Amino acid sequence: MNAYEEYMLGIVKPMREELVNVGFIELVTPDEVADHVQESKGTSLVVINSVCGCAAGLARPAVAAALEAAEHKPDHLVTVFAGQDKEATAQMRSYFEEVLPSSPSIALLKDGQLAYFIPREQIEGFAMEQVRDHLAGVLDQVCAK
């Protein structure tokens, strides 16, 4: 590993932990992503994490708050990190090719199929509470048994 890669690992560690600390599992290889999508039944909330300011100030806090606010919770919480775990992120995006890649973004999969997608354009420039409420509403709609 070169000095730049080592530096970036240190920088992104707290960004990764922010989601892991609220129950997300990091998928860091294409195989982990494929296994999850193919084997997971029910709903999976997928956060495509990133180092940008809107991920830090909006996406990650909104996801954590939405999970608290929503009456219905997803069965699985997973995340990939754009720009860091590039192959894993590309593999995840291959399951919803109908939407343009953006990060951060939030996807809700139901039995491995895309049920809802919140692109960066619906995160950046919005208040955290708006993103939280949007996602909480989606969770209550899609995750209701």
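Definitions and limits used
Residues numbered from 1 in each chain as written. Predicted model: local features only at pLDDT ≥ 70, side-chain atom pairs only at ≥ 80, totals over all residues. Heavy atoms only, no water. Phe/Tyr/Trp six-rings, centres within 6.5 Å; stacked < 30°, edge-to-face > 60°. Helix = DSSP H or I, 4+ residues; strand = E, 2+ residues; numbered from the N terminus. Expected span 1.5 Å × (residues − 1). Buried < 20%, exposed > 50% of the residue type's maximum accessible area, 1.4 Å probe, protein only. Arc of directions from axis to C-beta. Contact = heavy atoms within 4.5 Å. 1 Å grid on protein atoms, 1.4 Å probe; cavity = no way out; pocket = protein on both sides within 12 Å on 5 of 7 lines; lining within 4 Å. Points joined across faces, edges and corners; volume = space filled by probe spheres on them. Nonpolar A, V, L, I, M, F, W, Y, C, P; charged D, E, K, R; others polar. Pairing = 2+ DSSP bridges. Axes fitted to C-alpha atoms, helices over the stretch in contact; angles between N-to-C directions. Salt bridge = Lys/Arg side-chain N within 4 Å of Asp/Glu carboxyl O.

1. Some remarks on the packing of aromatic side chains
Phase 1: On inspection of all chains with the given rule, the structure shows one aromatic pair.
Phase 2: With 5.4 Å between their ring centres and 45 degrees between their planes, Phe96 and Phe117 make a pair best called tilted. Highlighted residues: Phe96 in the loop between helix H4 (86-93) and strand E4 (105-110) and Phe117 in strand E5 (residues 113-118), separated in sequence by 21 residues.

2. Points about helix H5 (residues 128-142)
Phase 1: An ideal rise of 1.5 Å per residue puts 21 Å on 15 residues; H5 measures up with 21 Å between its terminal C-alpha atoms.
Phase 2: Listed in full, the buried residues belonging to H5 are Val131, Leu135, Ala136, Val138, Leu139 and Val142. Viewed along the axis of H5, the buried residues span an arc of 160 degrees, placing them on a single side of the element.
Phase 3: Turning to H5, the residues buried within the fold contact strand E2 (43-49), helix H3 (53-69), E4 and E5.

3. Concerning empty space enclosed by the protein
Phase 1: Under the defined criterion, the tally for this structure stands at one cavity of 30 Å³ or more.
Phase 2: Its volume calculated, the largest cavity comes out at about 30 Å³.
Phase 3: Every residue along the wall of the largest cavity is listed here: Arg16, Glu26, Leu27, Val28, Asn49, Thr79, Val80, Phe81 and Asp85.
Phase 4: Looking at the lining of the largest cavity, the element that brings in the most residues is strand E3 (residues 76-81), giving three residues.
Phase 5: Broken down by class, the residue content of the lining of the largest cavity amounts to four nonpolar, two polar and three charged.

4. Notes on the sheet that holds strand E1 (residues 25-26)
Phase 1: Reading across from one edge, E1-E3-E2-E4-E5 is the order of the five strands in this open sheet, with mixed pairing throughout. Single-partner strands in this sheet number two, and they are E1 and E5.
Phase 2: Relative to E3, E1 is paired through two bridges, and the arrangement is parallel. Bridged to Glu26 within E3 is Thr79.
Phase 3: Its contacts with the sheet put helix H2 (residues 30-39) on E1, E2, E3 and E4, and the angle it makes with E3 is roughly 155 degrees.

5. Some remarks on the pattern of salt bridges
Phase 1: Summed over the entire model, instances satisfying the criterion amount to six salt bridges.
Phase 2: With a closest N to O distance of 2.5 Å, Arg16 and Glu26 form a salt bridge. Taken together, the residues span a long stretch of sequence, with Arg16 in helix H1 (residues 3-20) and Glu26 in strand E1 at a distance of ten residues.
Phase 3: Accessibility expressed as a relative area gives 12% for Arg16, which makes it buried.
Phase 4: A salt bridge links Arg16 to Asp85; the nearest nitrogen and oxygen atoms lie 2.9 Å apart. Here the residue Arg16 occupies a position in helix H1, and Asp85 occupies one in the loop between E3 and H4, the gap between them amounting to 69 residues. In this pair, the class of Arg16 matches that of Asp85, namely buried.
Phase 5: Each member of the salt-bridge network shares a partner with another, and the members are Arg16, Glu26 and Asp85.

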